[in-house]
Amino acid sequence: MATGPVHVPVLLDEVIEWLSPRPGGVIVDATFGGGGHALALAERVGQGGLVLGLDRDPAAIAAAEPRVVGR
């Protein structure tokens, strides 16, 4: 059972389609928030790629970081 809030990314399919992430690519997610988009992007760029997540809210980063970092 998950603890804490559950983040459901909005317009995820559209973001993936428009950004068209490729293996080995580099993407900046400047609205890191709950990390949902960053996680989906990281899955697509793979281990050879990089997703840099930025957010003005340090609490949002701290909450999402365990889900996303190191994936």
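Residues numbered from 1 in each chain as written. Predicted model: local features only at pLDDT ≥ 70, side-chain atom pairs only at ≥ 80, totals over all residues. Heavy atoms only, no water.

(A) Here's a closer look at the packing of helix α1 (residues 12-19) against helix α2 (residues 36-45). Viewed as axis vectors pointing N to C, α1 and α2 meet at an angle of 45 degrees, and their least axial separation amounts to 10 Å. One element, α1, and the other, α2, form an angle in the oblique class. Note on packing geometry: the crossing formed by α1 with α2 is right-handed. In this structure, α1 uses L12, V15, I16 and L19 to contact α2, whose residues at the interface are H37, A40, L41 and R44. For the contact of α1 with α2, the per-class residue count stands at six nonpolar, one polar and one charged. (Axes fitted to C-alpha atoms, helices over the stretch in contact; angles between N-to-C directions. Helix = DSSP H or I, 4+ residues; strand = E, 2+ residues; numbered from the N terminus. Parallel < 35°, antiparallel > 145°, perpendicular 65-115°, else oblique. Left-handed = near helix turned anticlockwise from the far one by under 90°. Contact = heavy atoms within 4.5 Å. Nonpolar A, V, L, I, M, F, W, Y, C, P; charged D, E, K, R; others polar.)

(B) The arrangement of a nonpolar patch on the surface in detail. There is a patch of nonpolar side chains on the surface, built from V28, L52 and L54 and spanning about 250 Å² of accessible area. Turning to its location among the elements, L52 is positioned in strand β2 (residues 50-53). Among the residues examined, L52 registers a relative accessible area of 43% and is labelled partly exposed. (Patch = residues over 30% accessible without salt bridge, like charges linked within 9 Å, V, L, I, M, F, W, Y side chains within 5 Å. Areas by Shrake-Rupley, 256 points an atom, 1.4 Å probe, with all protein chains shown as cover. Salt bridge = Lys/Arg side-chain N within 4 Å of Asp/Glu carboxyl O. Buried < 20%, exposed > 50% of the residue type's maximum accessible area, 1.4 Å probe, protein only.)

(C) Region of the structure containing unusual backbone geometry. A positive phi angle, close to 60 degrees, is found at L11, a residue other than glycine. Mapping L11 onto the fold places it in the segment before α1. Even without being glycine, S20 reaches a positive phi, approximately 45 degrees. Relative to the assigned elements, S20 resides in the loop between α1 and β1 (26-29).

(D) Broad picture of the pairing of β2. Sheet topology note: the β1/β2 ladder contains four bridges and is parallel. By the bridge assignment, V26 is partnered in β2 with L50. The parallel pair β1 and β2, bridged by α2, forms a crossover whose chirality is right-handed. (Pairing = 2+ DSSP bridges. Right-handed = clockwise from strand over helix to strand, strands pointing away.)

(E) Structural view of the side chain of H37. Along the polypeptide, H37 turns up in helix α2. With residues near it in sequence (within four places) discarded, H37 still touches P9, V10, L11, L12, V15 and D29.

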